[in-house]
Amino acid sequence: MPDLNQPLGGNTMPRMGGPATMMRLPTQDSAEGLDACFVGIPMDIGTSNRSGTRLGPRQIRDESRMIRPYNMATRAAPFDHMQVADIGDVPINTFDLKKSVDIITDTYRAILSHGCIPLTLGGDHTLTWPILRAMAETHGPVALIHVDAHSDTNDQMFGESVAHGCPFRRAHEDGLLLNDKVFQIGLRGSGYSPDDFDWGRDQGWTVIPAEDCWHKSLAPLMDQIRSQVGDAPVYLSYDIDSLDPAFAPGTGTVEVGGLTTIQGLEIIRGCAGLNLVGGDLVEVSPPYDTSGNTAVIAANYLFEMLCALPGSAGKANLRRP
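So, how was this worked out
Each residue is numbered by its place in its chain's sequence as written, counting from 1. Selection of residues for local features in this predicted model requires a pLDDT of at least 70, selection of side-chain atom pairs for listing and counting requires 80 or more, and totals for whole chains, interfaces and linings are taken over all residues. Working from all heavy atoms in the structure, the side-chain values ignore hydrogens and water. Numbering goes from the N terminus for both helices and strands, where a helix is a DSSP run of H or I of at least four residues and a strand is a run of E of at least two. Within these notes, the globule rule equals 2.2 Å times the number of residues to the 0.38 power, and the radius of gyration is based on C-alpha atoms. Think of it in three bands: residues with accessible area under 20% of the maximum for their type are buried, residues over 50% are exposed, and the middle band is partly exposed, with areas taken using a 1.4 Å probe on protein chains only. What makes two residues a contact is simply this: any of their non-hydrogen atoms within 4.5 Å. To be clear on the numbers: accessible area is Shrake-Rupley with a 1.4 Å probe, and residue cover counts the displayed protein chains and nothing else. In summary, the charge assignment counts Lys and Arg as positive and Asp and Glu as negative, without counting His or the chain termini. Every charge is mapped to an atom, namely NZ of Lys, CZ of Arg, CG of Asp or CD of Glu. What counts as an axis is a line fitted to C-alpha atoms, over the stretch in contact for a helix, and the angles between N-to-C directions run from 0 to 180 degrees. Between 65 and 115 degrees an angle is taken as roughly perpendicular, under 35 as roughly parallel, over 145 as roughly antiparallel, and anywhere else as oblique. What makes a crossing left-handed is the near helix being turned counterclockwise from the far one by less than a right angle; a clockwise turn instead makes it right-handed. Three classes are used: nonpolar for Ala, Val, Leu, Ile, Met, Phe, Trp, Tyr, Cys and Pro, charged for Asp, Glu, Lys and Arg, and polar for all others, with Gly counted as polar. Summarising the geometry, the arc corresponds to the directions from the helix axis toward the C-beta atoms. Salt bridge, as used here, is a side-chain nitrogen of Lys or Arg placed within 4 Å of a carboxyl oxygen of Asp or Glu.

**Student:** Explain the overall build of the chain to me, and be specific about the residues and the numbers.
**Tutor:** On a plain count of helices and strands, the chain comes out with nine helices and eight strands. The C-alpha atoms of the chain give 18 Å as radius of gyration, which agrees with the globular expectation for 321 residues (20 Å, within 12%). Across the 321 residues of the chain, 57% fall into the buried class. Pairs at least 24 residues apart make up 78% of the contacts formed inside the chain by residues separated by at least 6 positions. If you sum the accessible surface of the chain, you get close to 13,200 Å²; carbon and sulfur atoms cover 51% of it. Considering the chain, the positive charge centre built from 24 side chains and the negative charge centre built from 39 side chains are found 6 Å apart.

Listed below in structure tokens is the structure:
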């Protein structure tokens, strides 16, 4: 067995130095030989309000430099059990969203052909649809845990069917999802009609609005979701705007009354034990958070996703009395 890659430690190289990769991991050009990988999609041409998510992957990587390889809460030690690397960014066409969608699908076909589990640094939420196309080709239709302030089930935006508000409508139309195993968590804000959230319910999806999450632990919810998903392949898509803007202002479409960072951790840690086949963290827009804290949260959530993967040797859904 080859030596497993390790993040560059802070006692070996000061945190402000070293490679500008996710957790200062080694990088390689493809997913060959990897159990899991980090990959960026520097894209914001699908956004409808404030741009800047094209800069998200780079800042998430930069703010990941403080993360250590052992998860003290879940006891996951992913780098002791899996070969992980940063494989760089998808070369999207910054002038053509529809071409970029096909580029993303082709890239993820190649990643999945190596049996590697991709964790994606976004980038606007359009990117999840083309990733799910590749996922379904490999695994068949997948269960979905979608954490977001918005349902992203618009049929069109400005007459276009490809945009960051449409990916899950397109995924449904393409038959990429197991409709009785789709969960949307944290939806909130104003809308144009009840159909904004009810469309998913009409497809058999479970929609949990943010108001149902206020002032409570989400660990029991994740117990229910794990029971319902079972051993089906499941994809986790986490939009940073699911969090209240008090925690994560660095995004394009903020909504008040969102989740806390603790609830976000409960959701991701609650995915341990599921057959996770991939995940993404999207909609980080660095220009709107000069502190960098939004990207710090995103980097830590991506590490938590890695710790929740099969084979990370963590304790599923660790809860305290």
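What follows picks up the thread again.
**Student:** Any chance you could break down the packing of helix 8 (residues 261-269) against helix 9 (residues 293-308) for me, citing the residues and the numbers?
**Tutor:** One can describe the packing of helix 8 onto helix 9 by two numbers: an axis separation of 9 Å at closest approach and a directional angle of 25 degrees. It follows that helix 8 is roughly parallel to helix 9 by the angle criterion. The way helix 8 lies across helix 9 gives a crossing that is right-handed. Where helix 8 approaches helix 9, its residues T261, G264, L265, I268 and R269 are matched on the opposing element by I297, Y301, E304, M305 and A308. Along the lines of polarity and charge, the residues of the contact of helix 8 with helix 9 split into six nonpolar, two polar and two charged.

**Student:** Please set out helix 7 (residues 219-229) residue by residue, giving values where relevant.
**Tutor:** When we look at burial in helix 7, the residues that qualify are A219, L221, M222, I225 and V229. The arc that holds the buried residues of helix 7, viewed along the axis, is 145 degrees, so those residues lie on one side. Every exposed residue of helix 7 that faces more than 90 degrees away from the buried side is listed here: Q224 and S227. Against strand 4 (142-147), strand 5 (177-187), strand 6 (206-209), strand 7 (233-239) and helix 8 lie the buried residues of helix 7. Where helix 7 terminates, the next one or two residues include G230, which has phi positive at roughly 65 degrees.

**Student:** Run through the packing of helix 3 (residues 97-113) against helix 4 (residues 128-139), naming residues and quoting values.
**Tutor:** Taken N-terminus to C-terminus, the directions of helix 3 and helix 4 make an angle of 35 degrees; their axes are 8 Å apart at the nearest point. Handedness of the crossing formed by helix 3 with helix 4: right-handed. On helix 4, the residues touching V101, D102, I104, T105, Y108, R109 and L112 of helix 3 are W129, P130, I131, R133, A134, M135, E137, T138 and H139. Within the contact of helix 3 with helix 4, the residues separate by chemical class into nine nonpolar, three polar and four charged.

**Student:** How would you explain the environment of Y108 if you had to name every residue and give the values?
**Tutor:** Turning to its location among the elements, Y108 is positioned in helix 3. With 69 residues separating them in the primary sequence, Y108 and V39 have C-alpha atoms 9.7 Å apart. Apart from residues lying up to four places away in sequence, Y108 is in contact with V39, I41, V90, P118, T120, I131 and A134.

**Student:** How would you summarise the pattern of salt bridges if you had to cite specific residues and measurements?
**Tutor:** All chains considered together, the criterion is met by 15 salt bridges. In this structure, R65 and E63 form a salt bridge, with 3.9 Å as the shortest nitrogen-oxygen distance. By relative accessible area, which is 16% here, E63 ends up buried. One salt-bridge network, held together by shared partners, links R61, D86 and D89.

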